[in-house]
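Chain residues, written in single-letter form:
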Amino acid sequence: MKPRLDQYFKRWIPEAYSYDITNKEIDKEVEDYKILHYLGWFCAKHFGELKASEILKMITSLYESEDLFIQNAIENEFLTVLTFNLGVDNLIEIIKTLPQDLQTVYIKVLLEITKEKKI
């Protein structure tokens, strides 16, 4: 996945990056997925806080790269984890808090998960 997500987040959000989630023995693409998964969890735990907002903006900019691999990874790892952890109780507030360019994608992921009855 280009750009390498671990380098991207180490540079821009070092305090939100979990250094213990990387492993020299695993494939770099798997590592990128683990980073996205962790950041989805981090954003859900700190939703509405400044650091989560910064991460959401960076995820949005990565998503807008129009690289299908990156978009798919963001949907499958970041947004799915975010959706599971935030639930649907405050859906309108959640959507209002998300960057505008991620709102539609978030709803898409939510519908896919709901269709599969995972929430």
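For the structure, check the block above.
Residues numbered from 1 in each chain as written. Predicted model: local features only at pLDDT ≥ 70, side-chain atom pairs only at ≥ 80, totals over all residues. Heavy atoms only, no water.

On to the overall build of the chain, then. The number of helices and strands found in the chain is 6 helices and 0 strands. Element order for the chain, N to C, with α for helix and β for strand: α-α-α-α-α-α. By the burial criterion, 45% of the 119 residues in the chain qualify as buried. Excluding contacts between residues fewer than 6 apart, the proportion of contacts in the chain whose partners are at least 24 apart in sequence is 64%. Summed over all atoms, the accessible surface of the chain reaches about 7,100 Å², with 52% contributed by carbon and sulfur. (Helix = DSSP H or I, 4+ residues; strand = E, 2+ residues; numbered from the N terminus. Buried < 20%, exposed > 50% of the residue type's maximum accessible area, 1.4 Å probe, protein only. Contact = heavy atoms within 4.5 Å. Areas by Shrake-Rupley, 256 points an atom, 1.4 Å probe, with all protein chains shown as cover.)

A separate point is the pattern of salt bridges. A full pass over the atoms with the stated rule returns 3 salt bridges. Across the pair Lys-51 and Glu-54 runs a salt bridge whose closest N-O atoms are separated by 2.6 Å. With Lys-51 and Glu-54 both in helix H3 (residues 50-63), this residue pair falls 3 residues apart, about one helical turn. For Glu-54, a relative accessible area of 26% puts it in the partly exposed group. Here Glu-75 makes a salt bridge to Lys-108, at a shortest N to O gap of 2.9 Å. You can see Glu-75 sitting in helix H4 (residues 68-86) and its partner Lys-108 sitting in helix H6 (residues 100-115), a full 33 residues away along the chain. (Salt bridge = Lys/Arg side-chain N within 4 Å of Asp/Glu carboxyl O.)

With respect to the helices and strands, the residue Gly-87 is situated in the loop between H4 and helix H5 (91-97). In the structure, Gly-87 is positioned 23 residues away from Leu-110 in sequence and 8.9 Å away in space, judged by C-alpha atoms. Non-local contacts of Gly-87, meaning those with residues more than four positions away in its chain, are made with Ile-94 and Tyr-106.

Below, the discussion takes up the packing of H4 against H6. Axis separation between H4 and H6 bottoms out at 10 Å; the angle between their running directions is 75°. When the axis of H4 is compared with that of H6, the two are roughly perpendicular. Touching Glu-75, Leu-79, Thr-80, Leu-82, Thr-83, Phe-84 and Leu-86 of H4 are Leu-102, Val-105, Tyr-106, Lys-108, Val-109, Leu-110 and Ile-113, all from H6. In the contact of H4 with H6, the residues fall into 10 nonpolar, 2 polar and 2 charged. (Axes fitted to C-alpha atoms, helices over the stretch in contact; angles between N-to-C directions. Parallel < 35°, antiparallel > 145°, perpendicular 65-115°, else oblique. Nonpolar A, V, L, I, M, F, W, Y, C, P; charged D, E, K, R; others polar.)

For the structure on display, the rule yields 3 aromatic pairs. Seen in terms of ring centroids, Tyr-33 and Phe-69 are 6.1 Å apart; in terms of plane orientation they differ by 80°. Their pairing is edge-to-face. Of the two residues, Tyr-33 is situated in helix H2 (residues 28-45) and Phe-69 in helix H4; the sequence distance between them amounts to 36 residues. Measuring from centroid to centroid gives 5.8 Å for Tyr-38 and Trp-41, while their planes differ by 35°, and the two rings are tilted. In this pair, Tyr-38 and Trp-41 are both assigned in helix H2, 3 residues apart and thus about one turn of the helix distant. A relative accessible area of 18% places Tyr-38 in the buried class. Each member of the aromatic cluster is reached from another via a ring pair, and the members are Tyr-38, Trp-41 and Phe-42. (Phe/Tyr/Trp six-rings, centres within 6.5 Å; stacked < 30°, edge-to-face > 60°.)

All right, on to the environment of Thr-60 then. Locating Thr-60 in the fold gives a position in helix H3. Considered as a pair, Thr-60 and Asp-101 are 41 residues apart in the sequence and their alpha carbons are 6.6 Å apart. With residues up to four places along the chain from it excluded, the contact list for Thr-60 reads Pro-99, Asp-101 and Leu-102. Here the side chain of Thr-60 touches Leu-56 through a polar contact of 2.8 Å, landing on its backbone oxygen. (Polar contact = N/O pair within 3.5 Å; in protein donor to acceptor, adjacent residues only side chain to side chain.)

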